[in-house]
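# Structure assessment
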Amino acid sequence: MDTWNIFKKRFDIFLSHASEDKETFVEKLYNELTDAQYTVWYDKKEINWGDELQRKISEGLKQSSYGIVVISQSYFAQNKEWTFREFNQILTTKNILPILYNITLEEIQNLHPKEYEQIKEWLAISSKMGIDDIVQKARQKIGNRESEKGIDYTRLRCLLREKKMAGSRYGNLSGDD
């Protein structure tokens, strides 16, 4: 894993999914990933009223180290313009983590042969393993967010507070006059 790559990105994970899967699976996955201290680009949290959708999605993908793609019957449905756009953009990235949600690779091959050709080389995991196990797999692939970086955020906040207090008492301590 390229630790420096994670430093450069705003999000650890871009979560690509069909809106039909939000309530039944994606929302729970998002909550567990954020509980595990991952920063997750999730449309529900990152896109606001009046935002330009394509721009926000493109920015999110560029700012994310990994793309989790929740592939389902709904993801490749004929009327799903946005998931196809996301999918085509995600294909240009190196770090793709596919999850098969209530669908098999054989079903994708039969129902969506073009998309199957694009994903058949990925090692996908099934949602049937459960969200806890999926998050554990993410830890194995991406790493534990805080321990991988070796940063004690509580200690860092204390040091920054101390420096700020010292700076206010003694002027600029950075050496940049």
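Keep in mind it's a predicted model, so treat the numbers as computed, not measured. (Residues numbered from 1 in each chain as written. Predicted model: local features only at pLDDT ≥ 70, side-chain atom pairs only at ≥ 80, totals over all residues. Heavy atoms only, no water.)

### Notes on helix α2 (residues 22–35)
Taken residue by residue, α2 has Lys22, Phe25, Val26, Glu27, Leu29, Tyr30 and Leu33 as its buried positions. Of the surrounding elements, those touching the buried residues of α2 are β1 (11–16), β2 (40–41), α3 (43–46), β3 (64–71), β4 (96–100) and α8 (131–142). (Buried < 20%, exposed > 50% of the residue type's maximum accessible area, 1.4 Å probe, protein only. Helix = DSSP H or I, 4+ residues; strand = E, 2+ residues; numbered from the N terminus. Contact = heavy atoms within 4.5 Å.)

### Observations concerning the packing of aromatic side chains
If you walk through the whole model with that rule in mind, you get eight aromatic pairs. Between the aromatic rings of Tyr75 and Phe87, the centroid separation amounts to 6.3 Å while the plane-to-plane angle is 80 degrees, which identifies the pairing as edge-to-face. With a gap of 12 residues between them, Tyr75 in the loop between β3 and α5 (81–90) and Phe87 in helix α5 connect regions that are remote in the sequence. The residues Tyr75 and Phe87 share a single accessibility class, namely buried. Ring pairs connect the aromatic residues Tyr75, Phe76, Phe84, Phe87 and Trp122, which therefore count as one cluster. Seen from the ring of Trp82, Arg85 lies directly overhead, with NZ or CZ sitting 4.4 Å from the centre. (Phe/Tyr/Trp six-rings, centres within 6.5 Å; stacked < 30°, edge-to-face > 60°. Lys NZ or Arg CZ within 6 Å of the ring centre and 35° of its normal.)

### With respect to the environment of Gln54
Examined against the element boundaries, Gln54 turns out to sit in helix α4 (residues 53–62). Excluding its chain neighbours within four sequence positions, the residues that come into contact with Gln54 are Trp82, Arg85 and Gln89. Separated by 3.1 Å, the side chains of Gln54 and Arg85 make a polar contact. (Polar contact = N/O pair within 3.5 Å; in protein donor to acceptor, adjacent residues only side chain to side chain.)

### Topic: the pairing of β3
The element β3 is extensively covered by neighbouring structure, given that eight of its eight residues are classed as buried. For β1 and β3, the ladder comprises five bridges, and the chain directions are parallel. Across the sheet, residue Leu15 finds its bridge partner in β3, namely Ile68. Of the pairings in the sheet, the one linking β3 to β4 comprises five bridges and is parallel in character. Its bridge partner lying in β4, Val69 is registered against Pro98. (Pairing = 2+ DSSP bridges.)

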